[in-house]
Amino acid sequence: MFTNKFIQRFLKASQIVVLTGDTLCTEAHDILTQGNNGALNELFTIDQLKDDQQKFWENVKRIRQQLASCKPNLGHYALVDLENRYDDFTLITTSIDGLHQIAGNKNLIELRGNIRRNICQSCGKRFYHLREADPVVPVCPACGNSARPDVLLNDETIDEQILKKAQQAAADAELFITVCLKEVHKDHQALPLIAKANGAYLVELNKEPGALTDSMDEFVAGNPAKLLTGLVLLLEKI
């Protein structure tokens, strides 16, 4: 499953970065991209938020209610185990389902935000709905102004500070692992290339080859959640 070279690089690395895509939880991915939710790039736009705030937030609330049934899987918890095992471990994700945070990862960079979380449009405070009776259009508990989902809308670019943080983590990595990545945005695609340019060893865990496979030092085919779990179990035996 895993080559001896990969395991040895893992054991010797002091700085490890993992970049996950949005299909580690297929159930959450399906909720966000299929069925009556339509495409997020049609529902979540700046124009939708400005022109019909009530409808926009009704869509957000419906999606959040559906996501409430999605729980972290063994792959998510394996990444928590890896973070607890290594002093310098960074998890970067393009997913907006919030499951890495729920699982317990702390050193987490969410490139596209978290659909379960709100952010005040005035003071920038991040918060969650605390009660079911909260209004559909939430207001900031700190300043009382209107909020929006803390997620990247389709006509927005990645926050420069968040991107720089991810780029710095990639540049410092000795081992860079991608999980569940297929077609990726150019800013996301650059991260493993930054790592490789700075001497990192690149490994991809995925069911099938993706857009970044040709840049990898190793490709491990299989169910990513099972592969991550197997990796943790293997490391515990060494």
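Described below are features of the structure shown in this document. (Residues numbered from 1 in each chain as written. Predicted model: local features only at pLDDT ≥ 70, side-chain atom pairs only at ≥ 80, totals over all residues. Heavy atoms only, no water.)

**Regarding the overall build of the chain**
Okay, so step 1: Secondary structure summary: the chain contains ten helices and nine strands in total.
Okay, so step 2: In terms of overall size, the chain behaves like a compact globule, its C-alpha atoms giving a radius of gyration of 18 Å where 238 residues would be expected to give roughly 18 Å.
Okay, so step 3: Viewed in the frame of its principal axes, the chain has a C-alpha envelope of about 55 × 30 × 30 Å.
Okay, so step 4: By the burial criterion, 47% of the 238 residues in the chain qualify as buried.
Okay, so step 5: A separation threshold of at least 6 residues defines the contact pool for the chain, and within that pool the share at least 24 residues apart is 65%.
Okay, so step 6: Of the roughly 11600 Å² of accessible surface on the chain, a fraction of 48% belongs to carbon and sulfur atoms.
Okay, so step 7: Each charge class in the chain can be summarised by its mean position, and for the 26 positive and 31 negative side chains these summaries are 3 Å apart. (Helix = DSSP H or I, 4+ residues; strand = E, 2+ residues; numbered from the N terminus. Rg over C-alpha atoms; globule rule 2.2 N^0.38 Å. Buried < 20%, exposed > 50% of the residue type's maximum accessible area, 1.4 Å probe, protein only. Contact = heavy atoms within 4.5 Å. Areas by Shrake-Rupley, 256 points an atom, 1.4 Å probe, with all protein chains shown as cover. Lys, Arg positive; Asp, Glu negative; His and termini not counted. Charge placed at Lys NZ, Arg CZ, Asp CG, Glu CD.)

**Comments concerning the packing of aromatic side chains**
Aromatic rings considered in pairs are described by the distance between their centres and by the relative angle of their planes.
Okay, so step 1: Scanning all chains against the criterion turns up four aromatic pairs.
Okay, so step 2: Ring geometry for Phe56 against Trp57: centres 6.1 Å apart, planes inclined by 80°, an arrangement best described as edge-to-face.
Okay, so step 3: The class for Phe56 is buried, based on a relative accessible area of 0%.
Okay, so step 4: Feature note: the residues Phe2, Phe6, Phe10 and Tyr86 constitute an aromatic cluster, connected by ring pairs. (Phe/Tyr/Trp six-rings, centres within 6.5 Å; stacked < 30°, edge-to-face > 60°.)

**So, the sheet that holds strand S1 (residues 15-20)**
Okay, so step 1: Strand order in the open sheet formed by six strands is S3-S2-S1-S7-S8-S9, and the pairing between neighbours is parallel. The sheet is open, and its two edges are formed by strand S3 (108-110) and strand S9 (218-221), each paired on a single side. For this sheet the average axis-to-axis angle between neighbouring strands, irrespective of direction, equals 15°.
Okay, so step 2: Strands S1 and strand S2 (88-93) of the sheet are contacted by helix H6 (residues 74-85), whose axis makes an angle of about 150° with S2. (Pairing = 2+ DSSP bridges. Axes fitted to C-alpha atoms, helices over the stretch in contact; angles between N-to-C directions.)

**Remarks on the pattern of salt bridges**
Okay, so step 1: As enumerated under the stated definition, the model contains five salt bridges in all.
Okay, so step 2: Across the salt bridge formed by Asp150 and Arg126, the nearest N and O atoms sit 2.6 Å from each other. Taken together, the positions of Asp150 in strand S6 (residues 147-151) and Arg126 in strand S5 (residues 126-127) put the pair 24 residues apart, joining distant regions of the chain.
Okay, so step 3: The class for Arg126 is partly exposed, based on a relative accessible area of 45%.
Okay, so step 4: As a salt-bridge pair, Asp187 and Lys186 come within 3.7 Å of each other at their nearest N and O atoms. (Salt bridge = Lys/Arg side-chain N within 4 Å of Asp/Glu carboxyl O.)

**Looking at helix H1 (residues 4-12)**
Okay, so step 1: The complete set of buried residues in H1 reads Phe6, Ile7 and Phe10. Down the axis of H1, the smallest arc covering the buried residues is 95°, so these residues share one side. Exposed side of H1, more than 90 degrees from the buried face: Asn4, Lys5 and Lys12 are the residues found there.
Okay, so step 2: On its buried face, H1 is in contact with S1, H6, strand S7 (175-179), strand S8 (201-206), S9 and helix H10 (224-237). (Arc of directions from axis to C-beta.)

**Thoughts on the side chain of Asp97**
Okay, so step 1: Considering the arrangement of structural elements, one finds Asp97 in the loop between S2 and helix H7 (99-103).
Okay, so step 2: For the buried Asp97, no salt bridge exists, and the shortest N-O distance to an oppositely charged side chain is 5.8 Å, to Arg116.
Okay, so step 3: When near neighbours in sequence (up to four residues on either side) are disregarded, Asp97 contacts Cys25, Ala28, Leu32, Asn114, Ile115 and Arg116.

**A few points about the environment of Ile96**
Okay, so step 1: Note on placement: Ile96 falls in the loop between S2 and H7.
Okay, so step 2: Here the alpha-carbon distance between Ile96 and Ile109, two residues 13 residues apart in the chain, equals 11 Å.

**Some details on the nonpolar core**
Okay, so step 1: In terms of nonpolar packing, the biggest core is built from 29 residues, with Phe10, Leu82, Leu175, Ile177 and Leu205 touching the most fellow members.
Okay, so step 2: Those elements that place two or more of their residues in this core are H1, S1, H6, S2, S7, S8 and H10.
Okay, so step 3: Among the elements that make up this core, the one with the highest residue count is H10 (six residues).
Okay, so step 4: Other than its neighbours up to four places away in sequence, Leu175 contacts Phe6, Phe10, Ala13, Gln15, Ile16, Val17, Ala200, Tyr201 and Val203. (Core = buried A, V, L, I, M, F, W, Y, C linked by side-chain atoms within 4.5 Å.)

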